[in-house]
Amino acid sequence: MTTMESLIGLVNRIQRACTVLGDYGGDDNAFSSLWEALPSVAVVGGQSSGKSSVLESIVGRDFLPRGSGIVTRRPLVLQLHKTDEGSPEYAEFLHLPKRRFTDFSLVRKEIQDETDRLTGKTKQISPVPIHLSIYSPNVVNLTLIDLPGLTKVAVEGQPESIVQEIETMVRSYVEKPNCIILAISPANQDIATSDAIKLGREVDPTGERTFGVLTKLDLMDKGTNALDVLEGRAYRLQHPWVGIVNRSQADINKNVDMIMARCKEREYFATSPDYGHLASKMGSEYLAKLLSQYLESVIRARIPSITSLINKSIEELEKEMDHLGRPIALDAGAQLYTILELCRAFDRIFKEHLDGGRPGGDRIYGVFDNQLPTALRKLPFDRHLSPQNVKRVVSEADGYQPHLIAPEQGYRRLIDGALNYFRGPAEASVDAVHFVLKELVRKSIGETQELKRFPTLQAAIAAAANESLERFREESRKTVIRLVDMESSYLTVDFFRRLPQEGEKGGNAAAATTTDRFAESHFRRIGSNVSSYVNMVSETLRNTIPKAVVYCQVREARQSLLNYFYTQIGKKEAKQLSELLDEDPALMERRQQCAKRLELYKAARDEIDSVSWAR
């Protein structure tokens, strides 16, 4: 069984680690807050409610700043550690880890100085806590968080918004389900007007985690008492109310010892005709023991859920650290290796797009299966091979001497003119595939998570990839135009030899030729023959253009997209490599935050493990 000391000490150590690493609750939702998961006791009360006196009575020392107006302007995490009888008393601040304070008036001064360090002397407030540990045989193991006193009026030098700011800060602590509320109210005021009870009722309507403390019982009007409150009739809580009698201002002025003040408090309750029957459950010593025992039981109950939160957070943070990447080494060799690895990661994703592992590559097939055939069908062959145009082209080709049998020169001119139309669809296919490849490069860079850290390298890889794609496009354009030109440079003779000759229709061939040479049917037949040949070429190009495009662009992009970039990277100096690995400042900050938070959670896990095995 773990001891009360080890459990409360555990939370103390984790809270200190939280503060060192910047986790003290608040509204930062970037990470889950370990601070907010830890059980704590928040001391809440209005100004002049006796809050500071209660804390000093529990500690048995004068150590808190005093004065008019708002004195507590930063949360004070007060961690009490019980030491062996006869041990010296001393205090330590988290921000001064190597200094022990045995003079508690200096503790008071340091709290004031440390508050001013953050807030200045302008009486502003800050949510950043001060951690103070007190080691004494006269305390119980307990952690209390002293919060600024609730107020209704801003004092001179403070903005009007200070009233709301203080309430917002206090509320941010007490509304957390793991926070135990120590609500301080003066007995000489109506409990219905208590700021602490009002706030406690709002955030803890059942009174499940609220402890009521009634101060200044000795200052009530004669003939009156606070039994209705202390016995739970005026305002019922799940936990018993505790009455406190603090030192009077006269005692403070006379520097009455706190230990003596405790004795006077015990004597007051023991001899009081009103509260004598409650004496065993009254006083600051009883309050401290009550809170210590309850805090220990809450911590014990919450340890499993805290452990679960820590383990889950460690897993999430380690995943994010892997996602963000580890810090980059400074030597040129390691930097070059990192750049090459990042390039390969991009290249893998780009190939997955092409090969079908990721979407996008199918759009290239769409160019060949839809765009190219549609463009070929829309070519203006009907106009080019109309009888009027055929007649014009044939006549121009014949010159002054008309053809004798078949207008061979006219055929060649008509075919050359028709085949020129194929250049447009061929080049359009090249450009369409180039556009798809550029888009896949853009998507692949965006999907390469490792590259997100390095915007400069991202831009360099994108520029290098697009430069390569431009080279591939130019080579592809030359190749497809060459395919079209090859069809023009040598016509398939067998195709024309298989065509029926005009003189084979029977009868007087010479007469038929003379009759038909200038008839529309003659030119229509020529146009039909040329159209058949062009259709044959179209089918050929429909198959060969995709092959050329894939070979020159897709295949090259898949095999050597960054080859030129690799050769250039190998020539760069260390400074140039560092510039490429210049990270996005937002990601650097995020990694630092993750690393700090991961360190915190691992330290907390180790602390819990060390306590869990204590028997």
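What counts as what
- Residues numbered from 1 in each chain as written.
- Predicted model: local features only at pLDDT ≥ 70, side-chain atom pairs only at ≥ 80, totals over all residues.
- Heavy atoms only, no water.
- Helix = DSSP H or I, 4+ residues; strand = E, 2+ residues; numbered from the N terminus.
- Rg over C-alpha atoms; globule rule 2.2 N^0.38 Å.
- Buried < 20%, exposed > 50% of the residue type's maximum accessible area, 1.4 Å probe, protein only.
- Contact = heavy atoms within 4.5 Å.
- Areas by Shrake-Rupley, 256 points an atom, 1.4 Å probe, with all protein chains shown as cover.
- Lys, Arg positive; Asp, Glu negative; His and termini not counted.
- Charge placed at Lys NZ, Arg CZ, Asp CG, Glu CD.
- pLDDT = per-residue confidence, 0-100.
- Axes fitted to C-alpha atoms, helices over the stretch in contact; angles between N-to-C directions.
- Parallel < 35°, antiparallel > 145°, perpendicular 65-115°, else oblique.
- Left-handed = near helix turned anticlockwise from the far one by under 90°.
- Nonpolar A, V, L, I, M, F, W, Y, C, P; charged D, E, K, R; others polar.
- Pairing = 2+ DSSP bridges.

1. Focus on the overall build of the protein chain
So, point 1. When its secondary structure is counted, the protein chain shows 23 helices and nine strands.
So, point 2. Its C-alpha radius of gyration of 45 Å places the protein chain more than 25% over the 25 Å reference for a compact globule of 615 residues.
So, point 3. Here the C-alpha coordinates of the protein chain stretch approximately 150 × 55 × 50 Å along the principal axes.
So, point 4. Sorting the 615 residues of the protein chain into buried and exposed places 49% on the buried side.
So, point 5. By sequence separation, contacts in the protein chain at least 24 residues apart represent 81% of the contacts at least 6 residues apart.
So, point 6. Approximately 30400 Å² of the protein chain is accessible, and the part contributed by carbon and sulfur atoms is 51%.
So, point 7. Taking the 81 positively charged and 83 negatively charged side chains of the protein chain as two groups, their mean positions are separated by 3 Å.

2. Remarks on unusual backbone geometry
So, point 1. Backbone geometry at K216 places phi at a positive 60°, although glycine is not the residue there.
So, point 2. Relative to the helices and strands, K216 resides in the loop between β8 (210–215) and α7 (227–230).

3. Some thoughts on the confidence of the model for the protein chain
So, point 1. Across the protein chain, the average pLDDT comes to 85, with 91% of residues at 70 or higher.
So, point 2. Across the protein chain, element-level confidence peaks in helix α16 (residues 423–447) with a mean pLDDT of 96 and bottoms out in helix α19 (residues 509–516) with 47.
So, point 3. Taken together, the stretch residues 502–515 has pLDDT below 50 and engages in seven contacts with residues farther than four places along the chain or on a different chain.

4. Thoughts on the packing of helix α5 (residues 162–174) against helix α6 (residues 195–203)
So, point 1. It is the contact of α5 with α6, at a shortest axis distance of 11 Å, that shows an interaxial angle of 50°. On the basis of the axis angle, α5 is oblique to α6. In the packing of α5 onto α6, the handedness of the crossing is right-handed. In this structure, α5 contributes V170, R171 and V174 to the contact, and α6 contributes L199, E202 and V203.
So, point 2. Residue composition of the contact of α5 with α6, by class: four nonpolar, no polar and two charged.

5. Brief notes about the environment of R302
So, point 1. Along the polypeptide, R302 turns up in helix α10 (residues 284–324).
So, point 2. For R302 and P39, which are 263 residues apart along the polypeptide, the C-alpha to C-alpha distance reads 7.8 Å.
So, point 3. In contact with R302, not counting residues within four places along its chain, are P39, P177 and N178.

6. Some remarks on the sheet that holds strand β2 (residues 76–82)
So, point 1. Reading across the sheet, the nine strands line up as β4-β3-β5-β2-β6-β1-β7-β8-β9 and stay open at both edges, with mixed pairing between neighbours. Of all strands in the sheet, those with a lone pairing partner are β4 (96–101) and β9 (242–243), marking the two edges.
So, point 2. Of the strands in this sheet, β1 (40–45), β2, β5 (130–136), β6 (142–146), β7 (179–186) and β8 are in contact with helix α3 (residues 51–59), which crosses β6 at around 160°.

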